[in-house]
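# Secondary and tertiary structure notes
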Amino acid sequence: MASLTLDKVRKTFGSVEVLKEINLAIEDGEFLVLVGPSGCGKSTLLNLIAGLETSSDGEIRIGDRVINNVHPKDRNIAMVFQSYALYPNMTVRKNITFGLEIRGVASSERDKAVDDVARLLQIENLLDRKPSQLSGGQRQRVAMGRALVRNPDIFLFDEPLSNLDAKLRVDMRTEIKKLHHRLGATIVYVTHDQIEAMTLASRIAVMKGGILQQFDTPQRIYENPNNMFVAGFIGSPSMNFIDARLIEDNGRIAVTFENNGQNVVLPLQNNSPESYRSWIGKDVVFGIRPEALTHKRTGSDQPDSQYVNFDAKVEVIEPTGADTMTVINLGGKEIVARVRPDRATNPGEMMTFSADMNQISLFDPKSELRI
Amino acid sequence: MGASSSTESNLMAGLQRNLSKIVVAPSFAASLFFVYGFILWTAWMAFSKSRMMPVYDWAGLRQYERLWQMERWHVAIENLLIFGGLFIVICLFLGCLLAVLLDQRIRAEGVLRTIFLYPMALSFIVTGTVWKWILNPGLGLEKMMHDLGWASFKFDWLVNSDFAIYTVVIAAVWQASGFVMAMFLAALRGVDQDIIRAAYMDGASLPRIYFGIIIPSIRPVFLSAIVVLAHLAVKSFDLVIALTGGGPGYSSDLPATFMYTMAFQRNQLGISAASAMMMLATVMAIIVPYLYSELRGGKKNG
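Only a predicted model underlies this, so the values are computations on that prediction, with no experimental measurement involved. (Residues numbered from 1 in each chain as written. Chains lettered and ligands numbered in written order. Predicted model: local features only at pLDDT ≥ 70, side-chain atom pairs only at ≥ 80, totals over all residues. Heavy atoms only, no water.)

## Observations regarding the overall build of chain A
Heads up, the condition is: In this text, helices come from DSSP runs of H or I with a minimum length of four residues, and strands from runs of E with a minimum of two, each type numbered from the N-terminal end. Counting rule for charge: Lys and Arg are taken as positive, Asp and Glu as negative, and neither His nor the chain ends is counted. Working definition for charges: the position is that of NZ of Lys, CZ of Arg, CG of Asp or CD of Glu.
In terms of helices and strands, chain A carries eight helices and 20 strands. Dimensions of chain A, computed from the C-alpha atoms along their principal axes, are close to 80 × 45 × 35 Å. Here chain A carries 44 positive and 47 negative side-chain charges, and the mean point of each set is 5 Å from the other.

What follows is the structure in structure tokens.
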């Protein structure tokens with residue numbers, strides 16, 4: 001087990017720069033998730049750590065050891081692939097011990113290691129089968145077993161759950177999390193699924209276009225996204241964005257936007273950052289998550305309440321069971337509010353909503369950065 | 001009037017319905033007659049007293065007895081074993097090696113692949129003729145070496161009755177190994193690249209990855225390649241005719257050239273038919289189990 005540091009790592013393919021100065025550092029035992037849309041460079045970054053590709057610039061360190069020019073097999077890392085990449089001609093047992101065999105581990109030790117791993121992953125009864133005789137979930141376990149048996153410093157996971165069906169994916173997610181707790185291993189995990197990122201990570205690195213957008217704990221990324229991309233990418237349904245203007249209203253800073261010919265004014269909390277003052281009179285993007293936008297709450301009529309009420313017409317409702325996603329038209333945009341099912345109304349009706357002004361984000365419309 | 005138009009439309013509908021059968025019927029009938037009909041006719045010939053002209057008197061297994069008493073038939077069979085064995089083994093080895101080397105995502109792969117595959121586009125006659133020139137001691141390789149000053153160089157397999165069959169192997173391998181390469185390359189491309197990466201991270205060397213994992217996992221392609229090569233070997237005729245003409249003497253005869261000689265030059269139609277049936281039996285022995293396993297496998301998957 002070891003820490004991992006990426007220091008100004010760059011990668012170019014010809015003239016195309018796929019990774020631009022990535023700086024990341026995680027401690028021993030952390031669970032880092034690299035998340036982003038397709039083509040954001042997350043898999044390339046993982047391959048750089050694995051040694052399957054070489055970086056164009058910068059330094060990669062495991063512990064204190066610079067591994068840029070170390071052969072993958074000497075980096076002491078193990079990788080679980082999206083396609084599982086099991087060796088089709090070998091039994092599960094051979095698959096798991098192949099790496100040990102090449103490293104010249106004695107056969108009695110190998111047998112013991114396989115038995116330990118098989119017990120941990122509950123695949124003891126599969127050891128003599130071929131990969132073609134296994135289900136997707138079982139292959140996934142074997143692929144993890146193959147990584148575990150090597151007892152590496154760092155585990156790399158390349159979208160390991162994306163070939164599984166939805167139910168199994170959730171189960172395996174929990175399993176991976178448990179495994180991480182039990183082993184205390186350092187893990188780098190690549191996914192495009194933000195829920196996987198949120199649930200698994202101790203720290204998330206959100207990437208887009210080869211640039212690291214934000215690197216922080218899941219909760220902080222969720223609550224304080226650096227920019228509109230991160231805000232929109234993390235969270236489901238994603239954050240609502242409304243083009244608005246910042247004004248001063250009775251001594252309080254407020255967001256205002258036009259809705260159906262009327263001005264909606266949503267005063268901000270008194271404890272909002274000082275930096276907002278310089279944006280008074282300017283256009284901003286007002287970001288609010290669906291769960292901060294809900295049916296009218298008790299006590300929301302108090303003048304100093306964190307909840308601000310407004311009326312809007314319901315366009316569409318999407319019941320999910322726990323909550324009813326209510327789509328309304330606000331400031332010319334479709335906005336999703338998360339409403340308790342017993343408080344939801346029918347499409348076409350007017351309804352009073354209340355916005356939690358403690359959970360808002362403001363963005364610069366030009367740079368898309370957080371204010 | 002109305003009745004006649006309805007019969008007409010019935011006829012048209014029937015035609016429409018059976019159009020595919022009607023179109024296929026002539027070629028079906030032709031192949032039924034010319035392929036399977038003549039197989040039966042040949043089988044009959046092999047049991048007759050035919051010599052120069054076909055006669056239909058029953059002679060039992062007499063033609064087969066005569067066939068197996070002929071020294072020349074034994075040479076042809078022995079040559080088939082040498083030729084077939086070496087041809088298949090060398091083609092598999094070279095084809096596999098070329099495919100693995102081409103699989104390394106090298107530059108100009110398309111050009112190289114075409115170069116290796118082109119010999120397959122030639123007819124065996126052309127291949128045989130070209131190699132006859134190259135291997136001719138007074139014309140080709142040996143003469144070139146002599147002209148370059150290597151006077152002791154000797155490469156006379158083509159005219160040496162102990163080695164003539166090996167020149168057939170050389171030419172046939174040259175022609176077919178590119179095709180085997182293409183088969184293997186297609187199979188290698190079907191192998192998940194992540195498997196190679198996983199093995200690489202496990203610390204396996206490239207030869208170990210290929211011989212320990214990749215090649216064993218494309219075993220079905222070996223079977224297909226062997227079947228294709230084996231039937232090429234058994235029915236080899238034009239290559240031998242063009243390259244050695246079965247000579248010197250009959251030292252490089254194969255069953256196919258033997259059959260041709262017996263039928264059209266030696267007036268031994270019965271022996272020729274018997275040898276043809278022996279070849280058919282050989283090919284069937286290879287193809288039938290293969291087809292059986294393929295069809296059964298297909299059912300299992302479907």
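Let us keep going from here.
## Description of the layout of surface pockets
What counts here: Think of a 1 Å grid over just the protein atoms. A cavity is a set of points where a 1.4 Å probe fits yet cannot get out, a pocket is an open set with protein on both sides within 12 Å along at least five of seven lines, and lining residues have an atom within 4 Å of a point. Grid points are joined across faces, edges and corners, and a volume is the space filled by probe spheres set on the points. We call Asp, Glu, Lys and Arg charged. Ala, Val, Leu, Ile, Met, Phe, Trp, Tyr, Cys and Pro are nonpolar, and the rest, Gly among them, are polar. Domain limits in this description derive from either an automatic procedure or a database domain assignment.
When its volume is computed, the largest pocket comes out at roughly 510 Å³. Secondary structure elements with two or more residues in the lining of the largest pocket: α1 (2–46), α10 (219–234), α12 (255–264) and α13 (269–301) of chain B. No other element matches α13(B), which puts eight residues into the lining of the largest pocket. Its residues assigned to classes, the lining of the largest pocket comprises 19 nonpolar, three polar and one charged. Of the voids in this model, the second largest pocket is the one considered here, and its volume is about 340 Å³. Every residue lining the second largest pocket is counted, 20 residues in all, and those nearest its centre are A:Met357, A:Asn358, A:Gln359, A:Ile360 and A:Arg370. Sorting elements by how many residues they give to the lining of the second largest pocket places helix α7 (residues 218–223) of chain A first, with three residues. In terms of domain composition, the lining of the second largest pocket takes at least three residues from each of domain 1 (4–233) and domain 2 (240–363) of chain A.

## Some thoughts on the UniProt feature "domain: ABC transporter" (unreviewed entry) in chain A
Definition in use: UniProt positions are given in the numbering used here, feature names are shortened, and annotations may be inferred rather than shown by experiment.
In the numbering adopted here, UniProt assigns the feature "domain: ABC transporter" (unreviewed entry) to residues 4–234 of chain A. Helix makes up 37% of residues 4–234 of chain A and strand makes up 26%, while its end C-alpha atoms are separated by 24 Å.

## Considering unusual backbone geometry
For clarity, the threshold we go by: Relative accessibility decides the category of a residue: with a 1.4 Å probe and only protein chains considered, values under 20% of the type maximum give buried, values over 50% give exposed, and everything between is partly exposed.
Between A:Ser236 and A:Pro237 the backbone carries a cis peptide bond, its omega angle lying at -5 degrees. Residue placement: A:Pro237 occurs in the loop between α8 (228–233) and β11 (240–249). Phi at B:Asn267 takes a positive value of approximately 55 degrees, unusual for a residue other than glycine. Of note, B:Asn267 is situated in the loop between α12 and α13. Of the residues examined, B:Asn267 reaches a relative accessible area of 34% and is grouped as partly exposed.

## With respect to the pairing of strand β3 (residues 31–35) of chain A
All names here are of chain A. Stated precisely, the cut-off is as follows: A pair of strands counts as paired when DSSP detects no fewer than two bridges linking them.
Extensive coverage of β3 is indicated by the burial of five of its five residues. Neither face of β3 is left uncovered, since the one carrying Phe31, Val33 and Val35 and the one carrying Leu32 and Leu34 both have all their residues buried. Relative to strand β9 (residues 203–208), β3 runs parallel, the two sharing four bridges. Bridge pairing in β9 links Leu32 to Arg203.

## A look at the interface of chain B and chain A
We count it as follows: It only takes one pair of heavy atoms within 4.5 Å for two residues to be counted as in contact. Defined here as a combined quantity, buried area equals the accessible surface (1.4 Å probe) lost by two parts on assembly, summed across both. Criterion for a salt bridge: a side-chain nitrogen of Lys or Arg within 4 Å of a carboxyl oxygen of Asp or Glu. As used in this structure description, the phrase polar contact means that two N or O atoms lie within 3.5 Å; if the pair is within protein, one of them must be able to donate a hydrogen and the other to accept it, and residues adjacent in sequence are counted only when both atoms belong to side chains.
Counting residues at the interface gives 16 residues for chain B, matched by 24 residues for chain A. Contact between chain B and chain A buries roughly 1800 Å² in total, counting both sides, with carbon and sulfur atoms accounting for 61%. It is B:Arg197, B:Met201 and B:Asp202 that lose the most area in chain B upon contact with chain A, and together they represent 40% of the buried surface on that side. Here chain B is connected to chain A by three salt bridges. For B:Asp202, the salt bridge identified is with A:Arg150, shortest N-O distance 3.1 Å. Counting across the chain B and chain A interface gives ten residue pairs in polar contact (both at pLDDT 80 or more). Looking at the side of chain B that touches chain A, the elements with two or more residues in it are α8 (193–201) and α9 (206–217) of chain B. The biggest single contributor to the side of chain B that touches chain A is α8(B), with seven residues. Class assignment of the residues belonging to the side of chain B that touches chain A gives a composition of eight nonpolar, three polar and five charged.

## Comments concerning the domain arrangement of chain A
Residue and element names in this part refer to chain A. Taken domain by domain, chain A consists of domain 1 (4–233) and domain 2 (240–363). With centres defined by C-alpha atoms, the gap from domain 1 to domain 2 works out at 40 Å. Taken together, the contact between domain 1 and domain 2 spans seven residues of the former and six residues of the latter. Between domain 1 and domain 2, the buried area comes to about 610 Å², and carbon and sulfur atoms account for 60% of it. Three residues, Tyr222, Met228 and Ala231, lead the burial of domain 1 against domain 2; their summed loss comes to 77% of the area buried on that side. Where domain 1 packs against domain 2, one counts zero salt bridges. Counting across the interface, domain 1 meets domain 2 through two residue pairs in polar contact (both at pLDDT 80 or more). The element that contributes the greatest number of residues to the side of domain 1 that touches domain 2 is α8, accounting for three residues.

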